[in-house]
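Listed below, chain by chain, are the residues.
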Amino acid sequence: MKRPAKPKRPVAPAPPVSPAAPARKRILIVDDHPFMRAGLAQLIERQPDLMVWGEAGNPAEAQACLAAGGADLLLTDMTMPGRSGLDFIKDLQALHPALPILVVSMHDEVIYAERALRAGARGYIMKEAGGENLLAAIRQILGGQVYVSARMSGLLIDSFSGRRTRDSQSPFGVLTDREFEIYQLIGQGKNTREIATQLGLSSKTVDVHRSNLKAKLGLKDMTALVRHAVHWLETRGGTP
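Residues numbered from 1 in each chain as written. Predicted model: local features only at pLDDT ≥ 70, side-chain atom pairs only at ≥ 80, totals over all residues. Heavy atoms only, no water.

**A look at the pattern of salt bridges**
Put simply, the test is: Any Lys or Arg side-chain nitrogen located within 4 Å of an Asp or Glu carboxyl oxygen qualifies as a salt bridge. Each helix is a run of DSSP H or I of at least 4 residues and each strand a run of E of at least 2, with the numbering of both proceeding from the N terminus.
Counted under the stated rule, the structure contains 13 salt bridges. Salt-bridge contacts for Lys127 lead to Asp77; the nearest nitrogen and oxygen are separated by 3.4 Å. Here the residue Lys127 occupies a position in the loop between strand E7 (123–126) and helix H5 (131–142), and Asp77 occupies one in the loop between strand E3 (73–76) and strand E4 (79–80), the gap between them amounting to 50 residues. Of the charged contacts, one joins Asp177 and Arg118 as a salt bridge, the two residues approaching to 3.6 Å between their closest N and O atoms.

**A short note on the packing of helix H4 (residues 109–119) against helix H7 (residues 177–187)**
We apply this condition: Axis angles are defined between N-to-C directions and span 0 to 180 degrees, where every axis is a line fitted to C-alpha atoms and, for a helix, only to the segment in contact. Working definition: roughly parallel below 35 degrees, roughly antiparallel above 145 degrees, roughly perpendicular at 65 to 115 degrees, and oblique for all remaining angles. The handedness criterion is simple: a crossing whose near helix is rotated anticlockwise from the far helix by less than a right angle is left-handed, and one whose near helix is rotated clockwise is right-handed. The contact definition used throughout considers only heavy atoms, calling two residues in contact when any of these lie within 4.5 Å. Think of it as three bins: nonpolar holds Ala, Val, Leu, Ile, Met, Phe, Trp, Tyr, Cys and Pro, charged holds Asp, Glu, Lys and Arg, and polar takes everything else, Gly as well.
Interhelical geometry of H4 versus H7 gives an angle of 135 degrees and a closest axis separation of 12 Å. When the axis of H4 is compared with that of H7, the two are oblique. In this structure, H4 crosses over H7, and the sense of that crossing is left-handed. Between H4, through Ile111, Tyr112, Arg115 and Arg118, and H7, the contact on the second element is made entirely by Asp177, Phe180 and Gln184. For the contact of H4 with H7, a count of residues per class yields three nonpolar, one polar and three charged.

**Here's the deal with the sheet that holds strand E1 (residues 25–30)**
We apply this condition: Here a strand pair is declared whenever DSSP counts at least two bridges between the two strands.
Sheet architecture is open: five strands sit in the order E2-E1-E3-E6-E7, paired in parallel fashion. Every other strand in the sheet has two partners, leaving strand E2 (50–56) and E7 as the edge strands with one partner each. On average, each strand axis in the sheet is inclined to that of its neighbour by 25 degrees, with strand direction left out of account. Relative to strand E6 (residues 101–105), E3 runs parallel, the two sharing three bridges.

**Observations concerning the layout of surface pockets**
Spelled out, the test is: Each cavity reported here is a set of points on a 1 Å grid over the protein atoms alone in which a 1.4 Å probe fits but cannot get out, each pocket an open set with protein on both sides within 12 Å along at least five of seven lines, and each lining residue one with an atom within 4 Å of a point. Grid points are joined across faces, edges and corners, and a volume is the space filled by probe spheres set on the points.
Considering only enclosed or pocket space, the largest pocket measures out at about 430 Å³ in volume. Forming the boundary of the largest pocket are 25 residues, of which Ser84, Gly85, Glu181, Leu185 and Gln198 lie nearest the centre. Taken together, the residues of the lining of the largest pocket sort by class into nine nonpolar, 10 polar and six charged.

**Things to note about the side chain of Asp31**
Operational definition: Any pair of N or O atoms that falls within 3.5 Å is considered a polar contact. Within protein, one atom must be able to donate a hydrogen and the other to accept it, and sequence-neighbouring residues count only if both atoms are side-chain atoms.
Relative to the assigned elements, Asp31 resides in the loop between E1 and helix H1 (34–45). Of the polar contacts made by the side chain of Asp31, one reaches the backbone nitrogen of His33; its length is 2.8 Å. Here Lys127 takes part through its side chain, which lies 3.3 Å from a polar atom of the side chain of Asp31. Among all residues touching Asp31, those that are not within four sequence positions of it are Met36, Arg37, Ala56, Gly57, Asp77, Met80 and Lys127.

**A closer look at the nonpolar core**
The test is simple: Within this scheme, the nonpolar core is defined by two criteria: the residues are buried Ala, Val, Leu, Ile, Met, Phe, Trp, Tyr or Cys, and they are joined through side-chain atoms within 4.5 Å. Only protein chains enter the accessibility calculation, which uses a 1.4 Å probe. A residue is then buried if its area is under 20% of the maximum for its type, exposed if over 50%, and partly exposed in between.
Core analysis: the largest hydrophobic core is formed by 48 residues, its most contacted members being Val30, Leu74, Met78, Ile89, Tyr124, Tyr183 and Trp232. Examining the composition of this core, we find that six residues originate from one element, H4, more than from any other. Dropping the residues within four chain positions of it, Ile89 is found in contact with Met78, Ile101, Val103, Ala116, Ala119, Gly120 and Ala121. Listed in part, the 19 residues of the second largest apolar core include Leu75, Ile125, Ala137 and Tyr147.

**Brief notes about the environment of Leu213**
Note that Leu213 resides in helix H9 (residues 203–216). Note on Leu213: relative accessible area 0%, which makes it buried. Considered as a pair, Leu213 and Phe180 are 33 residues apart in the sequence and their alpha carbons are 8.4 Å apart. Non-local contacts of Leu213, meaning those with residues more than four positions away in its chain, are made with Leu175, Glu179, Ile182, Tyr183, Ile186 and Leu225.

**Side note on the packing of aromatic side chains**
In plain terms, the rule: The aromatic pairing rule takes the rings of Phe, Tyr and Trp, using the six-membered ring of Trp, and pairs them if the centres are within 6.5 Å, calling planes under 30 degrees apart stacked, those over 60 edge-to-face and the rest tilted.
Tallied over the entire structure, the rule returns three aromatic pairs. Taken together, the aromatic side chains of Tyr112, Phe180, Tyr183 and Trp232 make up a single cluster linked through ring pairs.

**Quick notes on the pairing of E3**
On any regular strand, side chains alternate: one points to one face of the sheet, the next to the other face. Burial along E3 is two-sided: the face carrying Leu73 and Leu75 and the face carrying Leu74 and Thr76 are both buried. As paired elements, E1 and E3 share four bridges and run parallel to each other. Its bridge partner being in E3, Ile29 is matched across the sheet by Leu75.

Structure (C-alpha cells):
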C-alpha cells in the first residue's frame, strides 16, 4: 500500500523588498582654509542625502579631483591661492559646464554675487549665513535652481528692471572683472610687476588697467588709487 503523501508545507511569502534609498549627492569642497573645509565636511556628512566627494585647497587641486569625474556640485570660496575666484569659476564653466557651482564666501554679496553668477556660478551665499541656509542653498541648486539671499534677489531684480536702489549703487559696477581683480590686488599691496606675474599679464597691460581704474573711480592719481583700494579691502572687501 502506498503511504499517503505528506501535506506540503506552506511556503512563506518572500519579505517585501524595500526600495533602494536614493544615492547621496556628491559634493566637492574647495577652500584654502583646512578648518573651513572640515566644518563644511562635518555639516554635509551629517545629511542623509549628501556626502563629501572630495576636498581641495586650491583651484589646481580641484581640477585634478574633477579629472576623475563624479561630483554633483562644487562649493568654492572666492579668494584662494593660484587663481582668482572669478577666473576659477569661468574655467569650471568651460571645462565642466554641467557641474553646478555654489560660492561660499566671506565677501560682501552686493559686490561679488552678480559677478560670480555672470561667471557661471549657480549660487552665492555668505559664510555668515549659517549651516541651515547653506544646506538649503545646496539642495536648491541640486534641484536645478539658482540661489541668492532674499536681499540679493531684490537687488538683482532691481538691476534687471532698470531700477537703482541706494544699496545697489556701487562704484565697482562700472569695473570689468579684470579691473576689479587688479583693484583687489592693489589693495593687498601688490605692485605692477607682482600683479603682472600673478595674472600672467604684461606690466604695460596692468598699467593700462590701473589708469582705467583711476579714471572710473574718479581718483586723481595712483597714490589715491592705492589708498582707496587698501581702505576698501580693510573695511568692506574683507581680508584675503
